[in-house]
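Below are the chains, spelled out letter by letter.
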Number of protein chains: 4
Amino acid sequence: MKLNYGMVGGGPGSFIGAAHRRSINLDGEAKLVAGTFSRSHEKTLATGRELGLKADRLYKDYREMAVAEGQREDGIDFVVVVTPNVSHYEICKAFLQQGIHVSCDKPLAVSTAQAEELVRLAREKDLLFLVTYTYRGHVTAKHAAEIIARGDIGRVRTVMAEYPQGWLAHEGEDGGKQGAWRSDPLQSGDANCLGDLGTHVENFVAGMTGLKIKRVLAKMDVVVPGRVLDDNDFVMVEYEGGATGMYWTSQIAIGHDNSLRVRIYGDGGSIQWFQEEPEKITVIKKDGALTEHHRGYPTIAPEAASYARLPSGHPEGWFEAMANLYGSFIKCLKAKKQGSFREEMIDFPTVEEGAEGLRFVEACLRSARGGNVWVEMK
Amino acid sequence: MKLNYGMVGGGPGSFIGAAHRRSINLDGEAKLVAGTFSRSHEKTLATGRELGLKADRLYKDYREMAVAEGQREDGIDFVVVVTPNVSHYEICKAFLQQGIHVSCDKPLAVSTAQAEELVRLAREKDLLFLVTYTYRGHVTAKHAAEIIARGDIGRVRTVMAEYPQGWLAHEGEDGGKQGAWRSDPLQSGDANCLGDLGTHVENFVAGMTGLKIKRVLAKMDVVVPGRVLDDNDFVMVEYEGGATGMYWTSQIAIGHDNSLRVRIYGDGGSIQWFQEEPEKITVIKKDGALTEHHRGYPTIAPEAASYARLPSGHPEGWFEAMANLYGSFIKCLKAKKQGSFREEMIDFPTVEEGAEGLRFVEACLRSARGGNVWVEMK
Amino acid sequence: MKLNYGMVGGGPGSFIGAAHRRSINLDGEAKLVAGTFSRSHEKTLATGRELGLKADRLYKDYREMAVAEGQREDGIDFVVVVTPNVSHYEICKAFLQQGIHVSCDKPLAVSTAQAEELVRLAREKDLLFLVTYTYRGHVTAKHAAEIIARGDIGRVRTVMAEYPQGWLAHEGEDGGKQGAWRSDPLQSGDANCLGDLGTHVENFVAGMTGLKIKRVLAKMDVVVPGRVLDDNDFVMVEYEGGATGMYWTSQIAIGHDNSLRVRIYGDGGSIQWFQEEPEKITVIKKDGALTEHHRGYPTIAPEAASYARLPSGHPEGWFEAMANLYGSFIKCLKAKKQGSFREEMIDFPTVEEGAEGLRFVEACLRSARGGNVWVEMK
Amino acid sequence: MKLNYGMVGGGPGSFIGAAHRRSINLDGEAKLVAGTFSRSHEKTLATGRELGLKADRLYKDYREMAVAEGQREDGIDFVVVVTPNVSHYEICKAFLQQGIHVSCDKPLAVSTAQAEELVRLAREKDLLFLVTYTYRGHVTAKHAAEIIARGDIGRVRTVMAEYPQGWLAHEGEDGGKQGAWRSDPLQSGDANCLGDLGTHVENFVAGMTGLKIKRVLAKMDVVVPGRVLDDNDFVMVEYEGGATGMYWTSQIAIGHDNSLRVRIYGDGGSIQWFQEEPEKITVIKKDGALTEHHRGYPTIAPEAASYARLPSGHPEGWFEAMANLYGSFIKCLKAKKQGSFREEMIDFPTVEEGAEGLRFVEACLRSARGGNVWVEMK
């Protein structure tokens, strides 16, 4: 049984739209059948033709699409929302209201209020909602979460997490279309770097450790002259239970491509994970023994291991991580259709986690605006 | 325009069949519509159903399939052959004779005579023939070939290439189904490790440097007691023009997963490439400057760069390399259909390169059997 | 001409005393002739005998030694102070007062007031004063400072510096003698981890970038139960001129041995330096080009390069870094003797830099005690 | 008790002479008191003055020195020979004949006949003879030997060893004084690269594994036009007991500084050691577990561990490796003086190992000259 899906956003020149489509293709468990790929209907038609879609399922706007697909007998099973941040809320809401399951790129929205409304609506309608924090899908990330949960590094004491990029080090010179909307408050909300990268960090650490943030102290800087939104951020974190953390996100760190790196220190050992080398994690035990766990090795925890498509030494990467999120999402959707779904089957970041990301960003904004003071998350 | 393809081999438990299907899926430019996935028709039917194929295109054997698909109006555009080495020749021949383009896993055949017959047939029928030396598809491998061709490291002097694996270090304990057929002469021919891994090395070095082997001196050892075919091989190489090389392939090198590593030393610099970290190459110039070129960087040569699907720092891997081979193959097939094909469009390893691999293996076998003496390739 | 020196501290079981002696030995430009190696005279006598010193220059205490050596015709040219932090001030003062040049391990003292008194005294007496921030001595660290100064990475925007260790992750179990005194306020002052490691970070960044800290916001945590002083510290930094930084020091980070790592991001490129791999630095330019500069390469800046003792590829390490500090110190002392000394010859961390370290620690302590608020350095 | 030593060679511009002196200085257990540093007496006098030696122990030539020091009451305890290869034999012989212990740089001589004469003489006179294969002194190299001996990686099956350098990639342009004599048969004997680097490889592998070479098949190439002696060599090796190996040495491999790398594959695991990162070894077990053992960790085997001077994370390097050879040599010499010496105390490469190196080079020369045929070592 293949599912059918639609897409909002992802028109010509969109990196992320094509990336979602390829990730879903990899396993071939769902098929793209409908779309509103651009605000320009002409562009939507062009993209749709290129992708082999039927003309009657290429829509003028997402509202029309939500209603039409909601009413069709063979309407889409889920929608993928890959537009700029500021429109996520309205679009997701439209589809949820029509009873359609949603996958939305992160950050989920541009305010906690929006996010919580989506949480409420998804629950009310009993719909599944994937927020595509891509890196959570890596086998090694899942493995790390499993071995931390089973106590391999003891109780977590401190967390060092960073996500530096260098592509926006120079206004106007690099980044093009994406760079522009990301540093524009009208499209991205009040946070740029922290909204884009900080939510990844927050979610990734939470997913790996299970820790819940109690309060944050954030310094959000605008480094490149002429820019309005933050492009370099430091955050001190206190988690419930007493562990601490330090997060760094940057778009002006020349020399880094996409360098999400997370290190977790417990009282029995530590773990280091690096997105650009996602096929392994380094585990160091209290006695000093440094071990590398590679995807595909017998040391990989069983649930994580089940996601691998290739033997060790045959590199998997970004698409596979994303495909793993969709893998669990689609599996759950199929189970829903067949009546066999259970909450425990969910192995992907949900709308609740998306909302937590917004709470994190807003707490940081309050902290930064207040002069770098501690602000409670809640 | 999407192409249609069929598959021979790739039934339940086959790693390589699923891997080819996923690689083709990634870009969605061709669709699987026919297959003979197993020698057991029952298994073929099961796999076909699982993949959503129509029953009338699930065949009892490859001969029936070749004839039937060759006669259908809407017959497959190409076939993918992913069976054990020993059957490649007969299967490829059957489809070529029906005028169907072929993609065959490497090694192309188990003897030079077989390989040359396939070369002859493909030329006679004017058909395209891809031999899936996966690693040739990496952006960084293509980049290395381009910059060597344009003289960035000067004239090549010596080549160090190795492809160690450790998964067959212990007879019977590891490797399972694959391990078994690979070390069985009836399924793999006279060479095991050198046929499987050595052909990769030979082809990869040839593709990267353009060097042609003049003669070889090979030592092919059976290390694990009870095994019949080689599992650890050393080869000294002399290329036409005077450069030299040393190749090592092994299946008993504990600690290596799939460690194809190639280092090329010229009189103006050197290049290091490693399959397990395929997103970068290291280039060192005569003055000592060590530079890393990452996929996605502006330093990447333009033709190679055009194959990237993701920005730098978003890891691509094995599937993308394979998808790049299919990308060029399918582009050429479409051009053939539209009458716009030209030879220069071919950017994938061909049946001629597959035949060269067999000549290499046979020369090594003659050298090893002769007591490790120099044997001319021809 | 060889100089003569004396040592206070460095008795049986002292790591740092032997380390200083070996570093000075490496070049053989100064000879140990006098010492008070322990508070126990017996131990001093034993150590002195072992080192081949004459009995009349093995002293009961440092005061006696300072006076006696100050009066001898052939008295020591300089003293090396390698006692626990809390005694540095009194000992250094005693020797300065006798007109003897001083090398003191870092941190210079346990309060800014002490440190400033030593600065005043050294100036008044016109004496040279080396504070042995070992890592400043690395050829690559000197090289980084030179190329930053000449503008290779443009104007510095942000600094990420960390110095994690794991050896004190468990009270009482590891660390032994050193662990004990380092976490004891009576021997180490009010800061443990930040005094020991934080001063290294502060000084190293200052030496590499020339940046002066304007204000700090510090979180100093006691992680291991039962400990009194900090063992895990986060510091946000603002430098004069607008650059920012984030420092992390830890003694509970299992998996790190001695991992001082400094990354400097400018508007034209960035530099990464790592103490555990001190033979290279990584330089990345705005255009993405990643280059490694290895000690011994022609790319190394000339003044830095002059300190190398071995060709590239022959690893130098910790002793050489320390020996480089002593190299410049001794060269200056000889020049003083010969009347050819000029301030510009100083290429080692001075007592002024030692005092800056104390100001940094005290500002952090005030910040942490004030609830993690910004505190001006001055 | 300090020993006294003399040096032959090591005059102005000599890298290796200063390197030996610094290595001995590091621990300060022996003192340089006599020397013939150059064939020019003027230069010997200048070097001697610079090093603080007395004029009456600065000799016109090594013969005079051997006789004079042999007769003095306070004559040197050992001599360090650091001249070009071709003179090693005569000089070592002169000192042995005078009953003086010898440390000689490798290769020991330029022919097996010379080497065996030195072996005979050392035994006859009951003298200790250190051949300074520097890399054997690394803690990690000693550790690897210990854990292989105790069976951690099972029975050794195959060995991959290489020692590429790039500094002689261009005749006349690089290398200076050293480059010149190394490629001159009158100073280096019949082998250049294989004599200089190949002997290191042969000795290092023997020391680490205990394997004895049975026969070799060598290809020795002259790559740089105009050169007379080999600068790029491939050697296939068969050891007694059935294991195999492949060695590569090169002076034309641009991109390598001093890259001795040895990988040992057993039936229970493997070990990787790399001279440019000498503070760790990588151990991989049959089950795939990859562990790094760092100098200073509790995992380091006890005898090896005893050589460390610094805690883990404080890099030791080339000088420490050399100092470790001298450490054992001097300890044995002292024991000889005190009558407590036993053969088992020897933990340094001896004259017998030096002779084995010559046998290896000569076997390779015979193989290469015979057209790359198998030649027995004996």
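1. A look at the overall build of chain A
Okay, so step 1: When helices and strands are tallied, chain A shows 12 helices and 14 strands.
Okay, so step 2: For chain A, whose C-alpha radius of gyration is 20 Å, the value lies close to the compact-globule estimate of 21 Å for 378 residues.
Okay, so step 3: Along the first, second and third principal axes, the C-alpha atoms of chain A reach 65 × 50 × 40 Å.
Okay, so step 4: Within the span of chain A, comprising 378 residues, buried residues form 60% of the whole.

2. Topic: the interface of chain A and chain C
Okay, so step 1: The interface of chain A with chain C comprises 28 residues on the first partner and 28 residues on the second.
Okay, so step 2: Elements represented by at least two residues in the side of chain A that touches chain C include exactly β6 (156–164), β7 (213–221), β8 (232–239), β9 (244–250) and β11 (269–274) of chain A.
Okay, so step 3: At 4 residues, the largest contribution of residues to the side of chain A that touches chain C is made by β9(A).
Okay, so step 4: The residue makeup of the side of chain A that touches chain C, split by class, is 15 nonpolar, 8 polar and 5 charged.

3. Quick word on the relation of the copies chain A and chain D
Okay, so step 1: When chain A is fitted to chain D, the residual RMSD is 0.0 Å, and the transformation amounts to a turn of 180° plus an axial shift of 0.0 Å. Each copy turns onto its partner about a two-fold axis. Minimal C-alpha separation from the rotation axis in chain A is found for A:T291, amounting to 2.3 Å.

4. Notes on helix α2 (residues 41–50) of chain C
Residues and elements named next belong to chain C.
Okay, so step 1: Among the residues of α2, those classed as buried are T44, T47 and G48. Angularly, the buried residues of α2 cover 100° about the axis, an arc narrow enough to put them on a single face. Away from its buried face, by an angle of more than 90 degrees, α2 presents the exposed residues E42, R49 and E50.
Okay, so step 2: The secondary structure elements touched by the buried residues of α2 are β2 (30–36).
Okay, so step 3: G52 lies just past α2 and shows a positive phi near 80°.

5. Observations concerning the relation of the copies chain A and chain C
Okay, so step 1: Superposition record for chain A on chain C: RMSD 0.0 Å, screw rotation 180°, translation along axis 0.0 Å.
Okay, so step 2: Residue by residue, 100% of the interface of chain A is reproduced at the interface of chain C, so both copies engage with the same surface.

6. Considerations on the sheet that holds strand β1 (residues 3–9) of chain D
All names here are of chain D.
Okay, so step 1: The strand order across the open sheet built from 5 strands is β2-β1-β3-β4-β5, with neighbouring strands paired in parallel fashion. Of all strands in the sheet, those bounded by a partner on one side alone are β2 (30–36) and β5 (129–131). The average undirected angle you get between the axes of adjacent strands in this sheet is 20°.
Okay, so step 2: Strand direction decides the pairing type here: β1 and β2, joined by 6 bridges, are parallel. Counterpart to M7 in the pairing with β2 is G35.
Okay, so step 3: Across the sheet, helix α4 (residues 88–97) lies against β1, β3 (78–82) and β4 (101–104), angled at about 160° from β4, the strand it touches most.

7. Observations regarding the interface of chain A and chain D
Okay, so step 1: With 9 residues of chain A at the contact, the number on the chain D side is 9 residues.
Okay, so step 2: Residue composition of the side of chain A that touches chain D, grouped by class: 4 nonpolar, 3 polar and 2 charged.

8. Quick look at the environment of B:A18
Residues and elements named next belong to chain B.
Okay, so step 1: Assignment of secondary structure puts A18 in helix α1 (residues 15–27).
Okay, so step 2: A tally of 19 C-beta atoms within 10 Å means that A18 is categorised as partly exposed.
Okay, so step 3: Separated by 85 residues in the primary sequence, A18 and S103 place their C-alpha atoms 14 Å from one another.

9. Considering the pairing of strand β8 (residues 232–239) of chain D
All names here are of chain D.
Okay, so step 1: Across the 8 residues that make up β8, a large majority, 8, are buried.
Okay, so step 2: Residue alternation in β8 divides its side chains into two sets, N232, F234, M236 and E238 and D233, V235, V237 and Y239, and both sets are buried.
Okay, so step 3: Note that strand β7 (residues 213–221) and β8 share 8 bridges and pair antiparallel. Within β8, the position partnered with D221 by the bridge is N232.
Okay, so step 4: Between β8 and strand β9 (residues 244–250), which pair antiparallel in sequence order, lie 4 residues; one of them, G241, sits at a positive phi of approximately 95°.

10. Concerning the sheet that holds strand β4 (residues 101–104) of chain B
Sheets are built from strands paired through backbone hydrogen bonds, the pairs being either parallel or antiparallel.
Residues and elements named next belong to chain B.
Okay, so step 1: In space, the 5 strands of this open sheet follow the order β2-β1-β3-β4-β5, with parallel pairing throughout. Strands at the two margins of the open sheet, each flanked by one partner only, are β2 (30–36) and β5 (129–131). Put simply, the sheet's adjacent strands are angled 20° from each other on average, direction ignored.

11. Some remarks on α1(B)
Helical geometry note: an α-helix holds 3.6 residues per turn, so side chains three or four residues apart project in the same direction.
Okay, so step 1: Among all positions in α1(B), only B:G17, B:A19, B:H20, B:R21, B:R22, B:S23, B:I24, B:N25 and B:L26 are buried.
Okay, so step 2: Contacts from the buried residues of α1(B) go to α1 (15–27) of chain A together with β1 (3–9), β2, β3 (78–82) and α11 (318–338) of chain B.
Okay, so step 3: Just beyond α1(B), the residue with positive phi is B:G28, at close to 65°.

12. Notes on the packing of helix α5 (residues 112–125) of chain C against helix α12 (residues 351–369) of chain C
All names here are of chain C.
Okay, so step 1: Interhelical geometry of α5 versus α12 gives an angle of 165° and a closest axis separation of 9 Å. Taken together, α5 and α12 sit at an angle that is classed as roughly antiparallel. Pair α5 / α12 crosses with left-handed handedness. Residue-level inspection shows T112, A115, E116, L118, V119 and A122 of α5 in contact with α12, the latter providing V351, E352, G354, A355, L358, R359 and E362.
Okay, so step 2: For the contact of α5 with α12, a count of residues per class yields 7 nonpolar, 2 polar and 4 charged.

13. Details of the environment of B:G266
Okay, so step 1: Among the secondary structure elements, B:G266 is positioned in strand β10 (residues 261–266).
Okay, so step 2: Taking C-alpha positions, B:G266 is 8.9 Å from B:I148, a pair spaced 118 residues apart along the chain.

14. What about the confidence of the model for chain A?
Okay, so step 1: In the predicted model, chain A carries a mean pLDDT of 95, and 96% of its residues have values of at least 70.
Okay, so step 2: The complex model carries a pTM of 0.95, and its ipTM stands at 0.94.

15. A few points about unusual backbone geometry
Okay, so step 1: The amide bond that connects B:K106 to the next residue, B:P107, takes the cis arrangement and shows omega of -10°.
Okay, so step 2: If you trace the backbone, B:P107 turns up in the loop between β4 and α5 (112–125).
Okay, so step 3: Notably, A:D126 is not glycine yet its phi reads approximately 55°, a positive angle.
Okay, so step 4: Residue placement: A:D126 occurs in the loop between α5 (112–125) and β5 (129–131).

16. Remarks on the nonpolar core
Okay, so step 1: Formed by 475 residues in total, the largest nonpolar core has its most connected members in A:V102, B:V102, C:V102 and D:V102.
Okay, so step 2: What C:V102 contacts, discounting residues up to four positions off in sequence, is C:F78, C:V79, C:V81, C:C92, C:F95, C:L96, C:L127 and C:F129.

17. Quick look at the packing of helix α3 (residues 62–71) of chain A against helix α4 (residues 88–97) of chain A
All names here are of chain A.
Okay, so step 1: For the pair α3 and α4, the least separation of the axes is 8 Å and the interaxial angle reads 15°. Relative to α4, the element α3 is oriented roughly parallel. The crossing of α3 and α4 is right-handed. Listed contacts from α4 to Y62, R63 and A66 of α3 are I91, A94 and F95.
Okay, so step 2: Its residues assigned to classes, the contact of α3 with α4 shows 5 nonpolar, no polar and 1 charged.

Rules used throughout
Residues numbered from 1 in each chain as written. Chains lettered and ligands numbered in written order. Predicted model: local features only at pLDDT ≥ 70, side-chain atom pairs only at ≥ 80, totals over all residues. Helix = DSSP H or I, 4+ residues; strand = E, 2+ residues; numbered from the N terminus. Rg over C-alpha atoms; globule rule 2.2 N^0.38 Å. Buried ≥ 20, exposed ≤ 12 C-beta atoms within 10 Å, placed from the backbone. Contact = placed C-beta atoms within 7 Å. Nonpolar A, V, L, I, M, F, W, Y, C, P; charged D, E, K, R; others polar. Least-squares fit on C-alpha atoms with pLDDT ≥ 70 in both. Arc of directions from axis to C-beta. Pairing = 2+ DSSP bridges. Axes fitted to C-alpha atoms, helices over the stretch in contact; angles between N-to-C directions. Parallel < 35°, antiparallel > 145°, perpendicular 65-115°, else oblique. Left-handed = near helix turned anticlockwise from the far one by under 90°. pLDDT = per-residue confidence, 0-100. Core = buried A, V, L, I, M, F, W, Y, C linked by C-beta atoms within 7 Å.

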